[in-house]
Amino acid sequence: MAASVREKQTVALRRMLNFNTPPLKNTAAEPVWKVLIYDRFGQDIISPLLSVKELRDMGITLHLLLHSDRDPIPDVPAIYFLMPTEENIDRICQDLRNQLYESYYLNFISAISRSKLEDIASAALAANVVSQVTKVFDQYLNFITLEDDMFILCHQNKELISYHAINRADLQDTDMEAIMDSIVDSLFCFFVTLGAVPIIRCPRGNAAEMVAVKLDKKLRENLRDARNSLFTGDSMSAGQFSFQRPLFVLADRNMDMATPLHHSWTYQALIHDVLDFHLNRVVMEEGASSEPSPGGARPKKKSKKSYDLTAADKFWQKHKGSPFPEVAESVQEELDSYRAQEDEVKRLKSIMGLEGEDEGAISMLSDNTAKLTSAVSSLPELLEKKRLIDLHTNVATAVLDHIKSRKLDVYFEYEEKLLSKSTLDKSLLDIITDPDAGTPEDKMRLFLIYYITAQQAPSESDLEQYRKALLDAGCDLSPLNYIKQWKAFTKMANPANYGNSGVKPMGLFSRVMNTGSQFVMEGVKNLVLKQHNLPVTRILDNLMEMKSHPETDDYRYFDPKMLRGSESSVPRNKNPFQEAIVFVVGGGNYIEYQNLVDYTKSKPGRKIVYGCSELFSAAQFMKQLSQLGQK
C-alpha cells in the first residue's frame, strides 16, 4: 500500500473532475471551466480532501447541490457526483429535460442499478440530448477519508447504520439485511479504491460476522467475473501493490463499551469530545464576550466560526495525538517564536526610515536591504503561520475552558484507574455528589465505565445509593438500563481487559505557568499517558502477529481469492501481516484511533488503517444508549 487511502481517494476525485482522464502534469494550459453538481453525500466525501481553492485550480467555477435551484448555463460541461438514489435520478432527468448544461458527466458514488440507468437513458431520449450525456461512471467512492489512516462510511444518514440501529430490540431481519448491505457496499468501495483484496477475520455471532460474510461474497463475485472485475487490469499493474495482502479485521462495538464513554486527554480526541468537530472541521461560537453590554443594549449575537484541521497543518499533524498539556505548551512556544519574527520585521522597518546622512547609516542600509527582502518574501509564510497559531490558540483555549469548568482531568485520571483496575484514591460517590465536578453527563459516563469494568456488579443496595446520587445530580439513567442488559448478555464472554494503563501526574506545568502565557493552567493536573493497548488494538495485534490467544483464536477466516469458499478458521499464511485495516461495526472514536496510531509507531514498517461505520463523541453515544434504554 504505497499510497495512503487518502491519496488514492484524492487521485480518484481529481481524475473524475478532469472528465475521468488522468490530469496531465506538464500542461500550462488553462483548465476547462466546468461546474460540479453534488448531493450531500458527494459533498461530505470531497470536503475533507479538496479545498475550494484546489477545486478552482482544477477548473471548477461553481459547485452546487443537486437539489438547489440552479440556473441553466448552456455552454458549460457539468460533472455530477452523487448517490444513485431515486430522487437524485429524477432530478438528473429533470435537468436533462430543461437542458441546463452543454454536456453531462454522470459519476455515481456507488454502483448504479440497471433499471435506474435505463430511466436516465429514456429521459435523455425524450429530451433529445443523448449526445450530450457524455459519460456515466461508477466511482466506487462511497466512504469518507478523514486521515491518511482513518475513514468512516458516511456522515449524512449515519443514524441508519448507527449502534442504535444495529442493536435495537425491535429490529426486523429485513432491516438488518439493509443495514449490512449498506455497510458492505461502502467497504467494497473502500477496497476497490485501495486496490486490494484483503484477508478477512472477524469474531463469531454478531454484526461484524454478518458484514464479513456479505463482504466476502461480494468480493468473491467480483473477482470471479474476470471481464468486469474491479481488482485486475491497468490500475493494479502500475506497481502500487506490495506482494502481501492486507489483513482486514472486523470488530464489533459491543466488545468494548467503555472506551467510547471514556474522557480523553489527547488533543484530537478532546476536541471531538467537548467541541463540535466533524469531517475535520471544528465549529465554535465566537465573540462570547464576558463584559456586559452597555446601557441594557441587546447582547451581541454569538457568531459561529469554523476551522478546518487539515493534513497541511503541521502543528495539527504533530500534536493531534499529544496529551493536552503538551499541546498548550507547544502553542505557546509557536506563539513566542512568531512574535520574535514579527519584531524582527518591525525593527528593519524603523531602520529603513533612517535618513542617509552619516556614513554608518548608509552601510547599515545596504546590509539591511538584503534582510528586508528576505523578510518581505517570508511574509506569506508568516501570515499562514499566524493563522494556524491563532486557530490552535482559540481551539485549545476553548478545550481548556471545558477541562477547567468540568474538572475533566479528574475524570480522566479516575477512569484510567478504573480501566486499569488500580487502587482508587477517592470514592466514586464523592465525584458524583461534587456539584463542581462536571456535567450530569460526565458523571453518568464515569459511572457507566465503573459499571462496565467492575469485576462483579455492585450489590442492589449500593446500586440504589448510586442511582439516588446520580438522579440528584440530574442524570438520565436510561443508558444504565441498556448497559445492564448488555452486561448480562456479554457475561458469558469474558469482559474486555484494558491492559495495565496508568497515568503519572508530572509536576505542574513549567513553561505554561509563567505569566506571559495565553493559557492559565492553574489547578489542571499535568497528566502523561503510559502506552497501553485498548481491546481493539490488542485484537489486531493478535491477528496481525499471528499470536495464539483465547480472545481471537476462534475468529473466522475468509479469503475471497480462494476458489471455493472453504469455511475454516485456520489461517493459510503463518507470516505476520505488514498492513492491516481495523473496522468497528457500530461506531468508533478518536481514542481507539489514537491508540492504534501509537501502537503502529512501536512497530516499524507496519501500516494500520482505522475505520468505523460512524464516528461518535461520547455525548452522541450516550444519546444512542439512552434511546436503547428507554424501550
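As a reminder, the structure under discussion sits directly above these lines.
Bear in mind the structure is a predicted one, so any value in this text is a computation, not a measurement.

Undergrad: I'd love a proper account of the overall build of the protein chain, names of residues and values included.
TA: Secondary structure summary: the protein chain contains 22 helices and 17 strands in total. For the protein chain, with 631 residues in total, the buried portion stands at 51%. In the form shown here, the protein chain has an accessible surface area of approximately 29900 Å², with 54% of it arising from carbon and sulfur atoms.

Undergrad: If you had to explain a negative patch on the surface to someone new, which residues and values would you point to?
TA: Together, Glu86, Glu87, Asp90 and Asp119 make up a negatively charged patch on the protein surface. Residue contributions to the negative patch peak at three residues, all from helix H4 (residues 86–98). In this structure, glutamate 87 sits in helix H4.

Undergrad: Explain unusual backbone geometry residue by residue, including any values.
TA: Note: most peptide bonds trans; most residues except glycine with negative phi. You will see that asparagine 280, though not glycine, has its phi angle at about 65°, which is positive. Take asparagine 280: it is sitting in the loop between strand E10 (276–278) and strand E11 (281–286). A relative accessible area of 6% places asparagine 280 in the buried class. Look at lysine 407: it is not a glycine, yet its phi comes out positive at around 50°.

Undergrad: Summarise the sheet that holds strand E2 (residues 60–65); cite the residues concerned and give the values.
TA: In space, the five strands of this open sheet follow the order E2-E1-E3-E4-E5, with parallel pairing throughout. Strand pairing shows two members of the sheet lacking a second neighbour, E2 and strand E5 (133–138), which therefore form its edges. Across the sheet, the mean angle separating the axes of adjacent strands is 20° when strand polarity is ignored. Across five bridges, the pairing between strand E4 (residues 101–108) and E5 is parallel.

Undergrad: Could you give an account of the packing of aromatic side chains, naming the residues involved and the relevant values?
TA: Following the criterion strictly, the structure yields 26 aromatic pairs and no others. An angle of 80° between the planes, with centres 6.1 Å apart, marks the rings of phenylalanine 143 and phenylalanine 151 as edge-to-face. We note that phenylalanine 143, like phenylalanine 151, is buried. Joined through ring pairs, the aromatic side chains of Tyr267, Phe277, Trp316, Phe324, Tyr590, Tyr593 and Tyr610 make up one cluster. Across the ring face of phenylalanine 19, the terminal group of lysine 34 is positioned such that the distance to the ring centre comes to 5.0 Å. Sitting over the ring of tyrosine 451, lysine 487 keeps its end group 5.4 Å from the ring centre.

Undergrad: Summarise helix H1 (residues 5–17); cite the residues concerned and give the values.
TA: One turn of the α-helix equals 3.6 residues, which is why residues spaced by three or four share an orientation. An ideal rise of 1.5 Å per residue puts 18 Å on 13 residues; H1 measures up with 18 Å between its terminal C-alpha atoms. Looking at H1, one finds that the buried residues are Val5, Arg6, Lys8, Gln9, Thr10, Ala12, Leu13, Met16 and Leu17.

Undergrad: Just give me the short version of the side chain of serine 478, but keep the residues and values in it.
TA: Secondary-structure assignment places serine 478 in helix H19 (residues 478–490). Discounting residues that sit within four places of it in the chain, serine 478 has contacts with Leu625, Ser626, Gly629 and Gln630.

Undergrad: Describe the packing of helix H20 (residues 535–544) against helix H21 (residues 590–601), listing the residues and the values that go with them.
TA: Taken N-terminus to C-terminus, the directions of H20 and H21 make an angle of 40°; their axes are 9 Å apart at the nearest point. Between H20 and H21, the angle falls in the class oblique. As H20 packs across H21, the resulting crossing turns out to be right-handed. Of the residues in H21, those in contact with Val536, Thr537, Leu540 and Asp541 of H20 are Glu592, Asn595, Leu596 and Tyr599. Among the residues making up the contact of H20 with H21, the classes are represented as four nonpolar, two polar and two charged.

Undergrad: Lay out the pattern of salt bridges in plain terms, naming residues and giving numbers.
TA: Tallying each qualifying case throughout the model produces 30 salt bridges. For lysine 218, the salt bridge identified is with aspartate 185, shortest N-O distance 3.6 Å. Within this pair, whereas lysine 218 is found in helix H8 (residues 207–224), its partner aspartate 185 is found in helix H7 (residues 173–194), the two being separated by 33 residues in sequence. Looking at lysine 218, the relative accessible area reads 30%, which means it is partly exposed. A salt bridge links glutamate 545 to lysine 603; the shortest N-O distance between them is 3.8 Å. Separated by 58 residues along the polypeptide, glutamate 545 in the loop between H20 and strand E15 (556–558) and lysine 603 in the loop between H21 and strand E17 (607–612) bring together distant segments of the chain. Beyond isolated ion pairs, a larger network of salt bridges with shared partners links Asp273, Arg406, Asp442 and Arg445.

Undergrad: Could you give an account of the sheet that holds E10, naming the residues involved and the relevant values?
TA: The pairing of strands in a sheet comes from backbone hydrogen bonds and takes either a parallel or an antiparallel form. Taken in spatial order, the three strands make up an open sheet running E10-E11-E12, and their pairing is antiparallel. Each end of this open sheet is capped by a strand with a single partner; those strands are E10 and strand E12 (303–308). Adjacent strand axes in the sheet meet at a mean angle of 25° when their direction is disregarded. Pairing analysis gives six bridges linking E11 to E12, with the strands arranged antiparallel. Following the sheet pairing, methionine 284 is matched in E12 by lysine 305.

Undergrad: Any chance you could break down a nonpolar patch on the surface for me, citing the residues and the numbers?
TA: Nonpolar side chains collect at one region of the surface, where Val376, Leu379 and Leu383 lie side by side and expose about 270 Å² of accessible area between them. Along the chain, the position of leucine 379 falls in helix H14 (residues 379–406).

Undergrad: Explain the pairing of E17 to me, using residue names and the numbers behind them.
TA: Extensive coverage of E17 is indicated by the burial of five of its six residues. Where strand E7 (residues 150–152) lies against E17, three bridges are found, and the strand directions are parallel. Pairing of isoleucine 152 across the sheet is with cysteine 612, part of E17. Regarding topology, H21 serves as the crossover connection from strand E16 (residues 579–585) to the parallel E17, and that connection is right-handed.

Undergrad: So what about the pairing of strand E6 (residues 144–147)? Which residues, and what values?
TA: Across three bridges, the pairing between E6 and E7 is antiparallel. Within E7, the residue paired with threonine 145 across the bridge is phenylalanine 151. Counting the residues between successive antiparallel strands, the hairpin from E6 to E7 contains two residues.

Undergrad: Quick rundown of the side chain of aspartate 44? Include the residues and the values.
TA: The topology assignment puts aspartate 44 in helix H2 (residues 40–46). It is arginine 40 that comes nearest to the buried, bridge-free aspartate 44 among opposite-charge side chains, at 6.8 Å. Looking at aspartate 44, its side chain comes within polar contact range of the side chain of glutamine 156, at 2.9 Å.

Undergrad: Would you mind going over the environment of aspartate 554 in detail, with residue names and values included?
TA: Mapping aspartate 554 onto the fold places it in the loop between H20 and E15. With a relative accessible area of 42%, aspartate 554 lands in the partly exposed category. Residues aspartate 554 and proline 203, spaced 351 residues apart in sequence, show a C-alpha to C-alpha distance of 7.1 Å.

Procedures and definitions
Here the residue numbers are simple positions, counted from 1 along each chain's written sequence. Per-residue local features of the predicted model are confined to residues with pLDDT of at least 70, and side-chain atom pairs are confined, for both listing and counting, to 80 or more; whole-chain, interface and lining totals are unaffected and use all residues. Only heavy atoms go into the side-chain values, all of them from the structure, while hydrogens and water stay out. Secondary structure elements follow DSSP: runs of H or I no shorter than four residues count as helices, runs of E no shorter than two count as strands, and numbering proceeds from the N terminus. Between buried and exposed lies partly exposed: a residue is buried under 20% and exposed over 50% of the maximum accessible area for its type, with that area taken using a 1.4 Å probe on protein chains only. Each accessible area value is a Shrake-Rupley result obtained with a 1.4 Å probe; residue values ignore everything except the protein chains displayed when judging cover. Distance thresholds for patches are 9 Å for like charges and 5 Å for nonpolar side chains (Val, Leu, Ile, Met, Phe, Trp, Tyr), applied to residues having over 30% relative accessible area and no salt bridge. Take a side-chain nitrogen of Lys or Arg and a carboxyl oxygen of Asp or Glu: if they are within 4 Å of each other, that pair is a salt bridge. In summary, the charge assignment counts Lys and Arg as positive and Asp and Glu as negative, without counting His or the chain termini. The atom standing in for a charge is NZ when the residue is Lys, CZ when it is Arg, CG when it is Asp and CD when it is Glu. Should DSSP find at least two bridges between two strands, the strands are regarded as paired. To get an axis, fit a line to the C-alpha atoms, keeping to the stretch in contact for a helix; angles then go from 0 to 180 degrees between the N-to-C directions. Geometry of aromatic contacts follows a simple scheme: Phe, Tyr and Trp rings, the Trp one being its six-membered ring, pair when their centres are within 6.5 Å, and the pair is stacked under 30 degrees between planes, edge-to-face over 60, tilted otherwise. Throughout this description, the term charge over a ring refers to an Arg CZ or Lys NZ atom that lies within 6 Å of the ring centre and within 35 degrees of the ring normal. In this analysis, the expected span of each helix is defined as 1.5 Å times one less than the number of residues it contains. Residues are treated as being in contact if the distance between any of their heavy atoms lies within 4.5 Å. To sort the angles, those under 35 degrees are grouped as roughly parallel, those over 145 as roughly antiparallel, those from 65 to 115 as roughly perpendicular, and the leftovers as oblique. Here is the rule for handedness: rotate from the far helix to the near one, and if that takes an anticlockwise turn smaller than a right angle the crossing is left-handed, while a clockwise turn gives right-handed. Amino acid classes used here: Ala, Val, Leu, Ile, Met, Phe, Trp, Tyr, Cys and Pro are nonpolar; Asp, Glu, Lys and Arg are charged; the rest, including Gly, are polar. With the strands aimed away from the viewer, a crossover counts as right-handed if its path from the first strand over the helix to the second runs clockwise. A 3.5 Å cut-off defines polar contacts: any pair of N or O atoms within that distance qualifies, except that in protein one atom must be a possible hydrogen donor and the other a possible acceptor, and neighbouring residues in sequence count only when both atoms are side-chain atoms.

Just distances and angles here, no functional claims.
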